[in-house]
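Descriptive analysis of the structure
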Number of protein chains: 2
Amino acid sequence: MPAEADIIARIARKVPSRPSAALPLSIGDDAALLRPPKGKHWVLTCDAFAEDVHFLARAQPAAAVGYKALARAVSDLAAMGATPRVFLLTLGLPAHRTGAWLDAFLRGLARAARAYDLVLAGGDTFRSSAVFVTITVIGEIAVGHAIQRSGARPGDRIYLSGVAGAAELGLQLILRGLDRSRRWKTLLRAHFFPEPRLKLGSWLAKHRLASAMLDTSDGLSTDLDHLCRASGTGARIFATRLPVVAVPAELRRQGFDPLHLALHGAEDYELLFTVPRHLVRKLPTRFGGVPLTCIGEITEPPQLLLVDENGALGPLPPAGWDHFRTPRGRR
Amino acid sequence: MPAEADIIARIARKVPSRPSAALPLSIGDDAALLRPPKGKHWVLTCDAFAEDVHFLARAQPAAAVGYKALARAVSDLAAMGATPRVFLLTLGLPAHRTGAWLDAFLRGLARAARAYDLVLAGGDTFRSSAVFVTITVIGEIAVGHAIQRSGARPGDRIYLSGVAGAAELGLQLILRGLDRSRRWKTLLRAHFFPEPRLKLGSWLAKHRLASAMLDTSDGLSTDLDHLCRASGTGARIFATRLPVVAVPAELRRQGFDPLHLALHGAEDYELLFTVPRHLVRKLPTRFGGVPLTCIGEITEPPQLLLVDENGALGPLPPAGWDHFRTPRGRR
């Protein structure tokens, strides 16, 4: 097994970590230095990604573990409208993951770092019984531009980027042992390689179009509940308007329900945001190839309601992911 | 078991997390905002603290787990000469740790946050099979004042704050099952409640007295090796000058060797720093009650050498802690 210093050297070699004006030191000291740009706030977030909690090592390729660990943390910055700059990596590894598995993990991590223009600023490594990753991302945003969860007002239109339920479809294929079949390989992609909507987030922030925003990490129903609670409002959404994931007929016959996946499926990492009515005309129907769909509106009474396919109005329970409530068997 | 939102609310209630000029939002959004002060760098570090890796839950009181998780991360900022400002908490908990254990953990964490004037800026919580903590600390330092590991030059004097080996003595008492005895209770304190040397670190930085510095987290011999490698130098230290931990005669008879504990014992979180010879007279013998001891000097040949009690010169192997090399049985 390699020494700690060898593992750190491999990380530094494979993941972008060059010093720059904003990051004056290389990694290797006790802490990293950051020089803040004028007129900007720093934006900070951290996200854990643990084996058997957030991913299954037997099903998820090492490169996808590295990629997704960073992508999902970056998504929190997208949800504020911020631009990521540097990240810190905390990495716990069992001995049998310090060889080829670690190399593939670092390839995936480096791919995400390059895609989102991020530089590694430091971290912590240790031996553990399962793979354990925590990512801290620091980004920046112009003072006054950050989009919070709490700004939604009655009458605002509710928008969702991309497709809803695609990541959960991939996860459910894995949990039912269907991920080995070549037929469904492409359906795993949204679960393994989510794409944080950084450009959309920062465009919405810069043009002050969104009154509230977050990313759909826990699932649309639960994340909408978070947004409405923070804003002190309710919401009404329409089943027929949802950009639901396309599910092949054979899987639908096996019980995969597109609407259920779209409403409660976790980890899409799309942006869920609200737009004041008078600004709606400034919003394109697609942004950088990603569809933007109006799925409902914010209401004053603090309930979440769903208008179903038949036009009937009923309650929408927040049935997405809760780490401490969702039964273990679900993932 | 409580829901995720309840756990987050308890954390926010118990740990300082008020908004301020530097931290304009409360916790609860996807990311935290930081407003940087003029003429300062931000300093960033992250540190994992995991059950059965970094601590034993059966031996370490929950309050000490919370306190130490933050204290050891803060120590990395002390080692740069920086002042901590805000922190992020990533917390994985098994179901049976979400009740009284979590309350005691948060009390310890809050105690450290108040002691080091830190505010919680955000984080991530999830269910896991063992307790898993990652702390990210952000601090600040005047531009140009940060003390790196790489600045030591031949002839510089090597200093160590406090006492060496006290934390390892506590750990070894636990590992040998001697921690239940009331006689040795006070000897556990250095292991459970280390005190990061923030005031000393920032004083050294402000007065530009230290040419290189780090904290003794892995053990004096290994940390001195880190410092010398980064600086491209060697070092010679003197056994008779070391501020070794006081070991009761009965424990010495049981094989607890003060010199071995001082040289290779981990987790003291004292400051190890080098001072150019012409600045040595500016250094007090104590700082805020903590002794500062000259233990040797930096040399040009890149070896670590120890002058033993009889004046004989021999090699000093870096035999402190390496997460991937140290045998598991040691802790």
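Residues numbered from 1 in each chain as written. Chains lettered and ligands numbered in written order. Predicted model: local features only at pLDDT ≥ 70, side-chain atom pairs only at ≥ 80, totals over all residues. Heavy atoms only, no water.

1. Quick word on the overall build of chain A
Worth spelling out the cut-off: Helix and strand definitions follow DSSP, with helices as H or I runs of at least four residues and strands as E runs of at least two, each counted in order from the N terminus. All radius of gyration figures rest on C-alpha atoms, and the globule criterion is 2.2 Å times the number of residues raised to 0.38. Exposure is judged per residue with a 1.4 Å probe applied to protein chains only, and the accessible area is read against the type maximum: over 50% gives exposed, under 20% gives buried, and values in between give partly exposed. Pairs of residues are marked as contacts when any of their non-hydrogen atoms sit within 4.5 Å. Only the protein chains shown count as cover for residues, with accessible areas throughout obtained via the Shrake-Rupley method and a probe of 1.4 Å.
When helices and strands are tallied, chain A shows nine helices and 13 strands. Over its C-alpha atoms chain A spans a radius of gyration of 20 Å, differing by no more than 12% from the 20 Å that the globule rule assigns to 331 residues. Projected onto its principal axes, the C-alpha coordinates of chain A cover approximately 65 × 50 × 35 Å. For chain A, the proportion of its 331 residues judged to be buried stands at 63%. A sequence separation of at least 24 residues applies to 83% of the contacts in chain A between residues at least 6 apart. For chain A, the accessible surface area stands at approximately 12,700 Å², while carbon and sulfur atoms represent 52% of it.

2. Remarks on the environment of C294(B)
Residues and elements named next belong to chain B. Its place among the elements puts C294 in strand β11 (residues 290-299). Considering only alpha carbons, one finds C294 and F238, 56 residues apart in sequence, at a separation of 9.2 Å. Other than its neighbours up to four places away in sequence, C294 contacts R157, I158, Y159 and R241.

3. Digging into the packing of helix α2 (residues 62-78) of chain A against helix α3 (residues 100-115) of chain A
Residue and element names in this part refer to chain A. Stated precisely, the cut-off is as follows: Here an angle of 0 to 180 degrees is reported between the N-to-C directions of two axes, which are lines fitted to C-alpha atoms, with helices fitted over the stretch in contact. In these notes the angle categories are as follows: under 35 degrees is roughly parallel, over 145 is roughly antiparallel, 65 to 115 is roughly perpendicular, and the rest is oblique. Left-handed is the label given to a crossing in which the near helix is rotated counterclockwise from the far helix by less than a right angle, and right-handed is the label when the rotation is clockwise.
Between α2 and α3, the shortest axis-to-axis distance is 6 Å and the interhelical angle comes to 40°. Compared by their axis directions, α2 and α3 come out oblique. Crossing angle aside, the handedness with which α2 passes α3 is right-handed. Between α2, through A62, A63, V65, G66, Y67 and L70, and α3, the contact on the second element is made entirely by W101, A104, F105, G108, L109, R111, A112 and A113.

4. With respect to the packing of aromatic side chains
All names here are of chain A. For the record, the criterion: For Phe, Tyr and Trp, rings pair up if their centres lie within 6.5 Å, where Trp contributes its six-membered ring, and each pair is then called stacked (planes under 30 degrees apart), edge-to-face (over 60) or tilted (otherwise).
According to the stated counting rule, one finds 15 aromatic pairs over all chains in the structure shown. Measuring from ring centre to ring centre gives 6.4 Å for Y67 and Y116, while their planes differ by 55°; the resulting arrangement is tilted. Of this pair, Y67 sits in helix α2 while Y116 sits in the loop between α3 and β4 (119-127), and the two are 49 residues apart along the sequence. The class of Y67 is buried, set by a relative accessible area of 4%. Ring geometry for Y159 versus F273: centroids 5.7 Å apart, planes at 15°, classification stacked. Taken together, the residues span a long stretch of sequence, with Y159 in strand β6 (residues 157-161) and F273 in strand β9 (residues 271-275) at a distance of 114 residues.

5. Some details on the relation of the copies chain B and chain A
Just so we agree on the cut-off: Each copy is superposed on the other by least squares, with the fit set by C-alpha atoms of residues at a pLDDT of at least 70 in both.
Take chain B, turn it by 180°, move it 0.0 Å along the axis, and it overlays chain A with an RMSD of 0.0 Å. Such a combination of turn and shift is consistent with a two-fold rotation axis. A high fraction, 100%, of the interface residues of chain B reappear at the interface in chain A, so the copies pair face to face through one surface.

6. Examining the sheet that holds strand β1 (residues 32-34) of chain B
Sheet strands associate in pairs through backbone hydrogen bonding, adopting either a parallel or an antiparallel arrangement. Counted only if it meets this: Any two strands are treated as partners once DSSP identifies two or more bridges connecting them.
Sheet architecture is open: five strands sit in the order β4(A)-β3(A)-β5(A)-β2(A)-β1(B), paired in mixed fashion. Looking at which strands have only one partner, the edges of the open sheet turn out to be β4 of chain A together with β1 of chain B. Adjacent strand axes in the sheet meet at a mean angle of 20° when their direction is disregarded. Note: strand β3 (residues 83-93) of chain A against strand β5 (residues 132-142) of chain A, nine bridges, orientation antiparallel.

7. Re the sheet that holds strand β5 (residues 132-142) of chain B
Read from one edge to the other, the open sheet built from five strands follows the order β1(A)-β2(B)-β5(B)-β3(B)-β4(B), with strand pairing classed as mixed. Two strands in the sheet have a free side with no partner beyond their single neighbour: β1 (32-34) of chain A together with β4 (119-127) of chain B. Across the sheet, the axes of successive neighbouring strands diverge by a mean angle of 20°, strand direction being ignored. Looking at chain direction, β1(A) and strand β2 (residues 40-50) of chain B are connected through three bridges and run antiparallel. Bridge pairing in β2(B) places L34(A) opposite W42(B). Sheet strands touched by helix α3 (residues 100-115) of chain B: β3 (83-93) and β5 of chain B. Its angle to β3(B), the strand with the most contacts, is close to 170°.

8. Regarding the packing of helix α1 (residues 4-14) of chain B against α3(B)
All names here are of chain B. Condition: The residue classification treats Ala, Val, Leu, Ile, Met, Phe, Trp, Tyr, Cys and Pro as nonpolar and Asp, Glu, Lys and Arg as charged. All others, Gly included, are polar.
Running from N to C, α1 and α3 point in directions that differ by 35°, and their axes come no closer than 9 Å. Note that α1 runs across α3; the crossing there is right-handed. Between α1 and α3, the contacting residues are I7, R10, I11 and K14 on the first element and L102, D103, L106, A110 and R114 on the second. Counted by class, the contact of α1 with α3 contains five nonpolar, no polar and four charged residues.

9. Concerning the interface of chain B and chain A
Interface size is commonly expressed as the accessible surface area that is lost when the partners come together. The cut-off we apply is this: Summed over both partners, the accessible area lost on bringing two parts together, with a 1.4 Å probe, is the buried area. Throughout this description, the term salt bridge denotes a Lys or Arg side-chain nitrogen within 4 Å of a carboxyl oxygen of Asp or Glu. Polar contact criterion, stated in full: a pair of N or O atoms within 3.5 Å, where within protein one must be able to donate a hydrogen and the other to accept it, and residues adjacent in sequence count only if both atoms are side-chain atoms.
At the interface, 66 residues of chain B touch 67 residues of chain A. Of all residues in chain B, the largest losses of buried area upon contact with chain A belong to D30(B), R127(B) and F324(B), amounting jointly to 18% of the total for that side. Here chain B is connected to chain A by zero salt bridges. Where chain B meets chain A, there are four residue pairs in polar contact (both at pLDDT 80 or more). The set of elements that each furnish at least two residues to the side of chain B that touches chain A consists of α1, β1, β2, α2 (62-78), β3, β4, β5 and β7 (212-215) of chain B. The element contributing the most residues to the side of chain B that touches chain A is β2(B), with 10 residues. Of the residues that constitute the side of chain B that touches chain A, the class distribution is 36 nonpolar, 15 polar and 15 charged.

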